[in-house]
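Each chain, written out:
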Amino acid sequence: GKIINISSIWGVSGACMESCYSASKGAVIAFTKALAMEVGKHNITVNCIAPGWISVNENEIIRPEDNEFHLSRRVGRAEDISRNSRKDRSIDCYD
């Protein structure tokens, strides 16, 4: 089987003024790693996707400078996450 958890880049690096959010997302990453060690012997893989900003609102106002913050030079979209979580892909915890 396969388990895919969703975290956030802030769980990896932390975010100023977002300590509780960052801590909870970091906990998801730690849980993913621990669970993978526990269930791996049963042929179950456990992975975690930790994206940056994902726009889920079509009416959201995204300024040009918002896109520059990202390595891909654009704010992510929900389909980016779904494309990366298909069962035929191997996903690293920090993709």
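What counts and what doesn't
- Residues numbered from 1 in each chain as written.
- Predicted model: local features only at pLDDT ≥ 70, side-chain atom pairs only at ≥ 80, totals over all residues.
- Heavy atoms only, no water.
- Helix = DSSP H or I, 4+ residues; strand = E, 2+ residues; numbered from the N terminus.
- Buried < 20%, exposed > 50% of the residue type's maximum accessible area, 1.4 Å probe, protein only.
- Polar contact = N/O pair within 3.5 Å; in protein donor to acceptor, adjacent residues only side chain to side chain.
- Contact = heavy atoms within 4.5 Å.
- Salt bridge = Lys/Arg side-chain N within 4 Å of Asp/Glu carboxyl O.

**As for the side chain of Asn5**
- Secondary-structure assignment places Asn5 in strand 1 (residues 2-6).
- The exposure class of Asn5 is buried, given its relative accessible area of 14%.
- Within polar-contact distance, the side chain of Asn5 engages the side chain of Thr32 at 2.8 Å.

**Quick word on the side chain of Ser22**
- You can see Ser22 is positioned in helix 2 (residues 19-39).
- You can call Ser22 buried: its relative accessible area is 9%.
- Setting aside residues up to four positions removed in sequence, Ser22 forms contacts with Trp10, Gly11, Gly14 and Ala15.

**Here we look at the pattern of salt bridges**
- All told, the structure shown has 4 salt bridges when counted by the stated rule.
- Residues Glu65 and Arg63 are paired through a salt bridge, measuring 3.7 Å at the closest nitrogen-oxygen approach.
- Residues participating in the shared-partner salt-bridge network are Arg63, Glu65 and Asp66.

**Describing unusual backbone geometry**
- For Met17, which is not glycine, the phi torsion reads 65 degrees and is therefore positive.
- The topology assignment puts Met17 in the loop between helix 1 (9-13) and helix 2.
- In this model, Asn43 sits at a positive phi of 60 degrees, which is unusual for a non-glycine residue.

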